[in-house]
Amino acid sequence: QVQLVESGGGSVQAGGSLRLSCTPSGRIFSSYAMGWFRQAPGKERDFVTAISWNGDNTLYDDSVKGRFTISRDNTRNTVYLEMNNLKPEDTAVYYCAVVFGYGSGSRRAEDYDYWGQGTQVTVSS
């Protein structure tokens, strides 16, 4: 069983920054792509970004491009989401996930195999 643990969420004012971390269990981490999704109240879970197993390829939703950066450190078994210039519309629960079938990641939530419990990000205006 794979477990993913997110951390780093919190409350910030618009224009602020946060860095989320996700640490999966097990040795499978370095072999698979990872992604971040977010879900605001009453809305569907939306794709934010993904990173390939070796970090060479990344995908971003247009809404975060230029503001968010995904990275991974396989030696530390951790994937990061650096979020800058945060906006109120970024407020959501953020989830990390691992995908076994797509080496470069996927924009579709249904492709991911395991999910973390989520961490709340709140941005006030």
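This text gives an overview of the structure that appears in the document. These numbers come from a predicted model, not from an experiment. (Residues numbered from 1 in each chain as written. Predicted model: local features only at pLDDT ≥ 70, side-chain atom pairs only at ≥ 80, totals over all residues. Heavy atoms only, no water.)

Thoughts on the packing of aromatic side chains
Right, on to step 1. All chains considered together, the criterion is met by six aromatic pairs.
Right, on to step 2. Centre to centre, the rings of Tyr112 and Trp115 are 5.9 Å apart; their planes meet at 55°, and the pair counts as tilted.
Right, on to step 3. By relative accessible area, Trp115 is classed as partly exposed at 23%.
Right, on to step 4. Taken together, Phe37, Phe47, Tyr112 and Trp115 form an aromatic cluster joined through their ring pairs. (Phe/Tyr/Trp six-rings, centres within 6.5 Å; stacked < 30°, edge-to-face > 60°. Buried < 20%, exposed > 50% of the residue type's maximum accessible area, 1.4 Å probe, protein only.)

Things to note about the nonpolar core
Right, on to step 1. Ranked by internal contacts, the top residues of the largest apolar core, which has 26 residues, are Met34, Trp36, Phe68, Val79, Leu81, Met83 and Tyr94.
Right, on to step 2. Looking at this core, the elements with two or more residues in it are strand 3 (18–24), strand 4 (33–39), strand 5 (45–51), strand 7 (68–73), strand 8 (78–83), strand 9 (92–99) and strand 11 (119–124).
Right, on to step 3. Ranked by size, the runner-up nonpolar core spans seven residues in total, among them Phe37, Phe47, Ala97 and Tyr112. (Core = buried A, V, L, I, M, F, W, Y, C linked by side-chain atoms within 4.5 Å. Helix = DSSP H or I, 4+ residues; strand = E, 2+ residues; numbered from the N terminus.)

Focus on the state of the cysteines
Right, on to step 1. All chains considered together, the criterion is met by one disulfide.
Right, on to step 2. Each sulfur in the disulfide pair Cys22 and Cys96 lies 2.0 Å from the other. Its torsion about the S-S bond being 55°, the disulfide of Cys22 and Cys96 is classed as right-handed. Placement of Cys22 in strand 3 and of Cys96 in strand 9 is noted, with a sequence separation of 74 residues between them.
Right, on to step 3. You can call Cys22 buried: its relative accessible area is 0%. (Disulfide = S-S within 2.5 Å.)

Focus: the pairing of strand 9
Right, on to step 1. In terms of burial, strand 9 is largely enclosed, as eight of its eight residues are buried.
Right, on to step 2. Where strand 4 meets strand 9, seven bridges bridge the pair, whose relative direction is antiparallel. By the bridge assignment for strand 9, Arg38 is matched with Tyr94.
Right, on to step 3. Bridge count between strand 9 and strand 11: three bridges; the pairing is antiparallel. By the bridge assignment for strand 11, Val93 is matched with Gln120.
Right, on to step 4. Sheet topology places strand 9 next to strand 10 (residues 114–115); two bridges connect them, and they run antiparallel. Bridge assignment links Val98 to a residue of strand 10, and that residue is Tyr114. (Pairing = 2+ DSSP bridges.)

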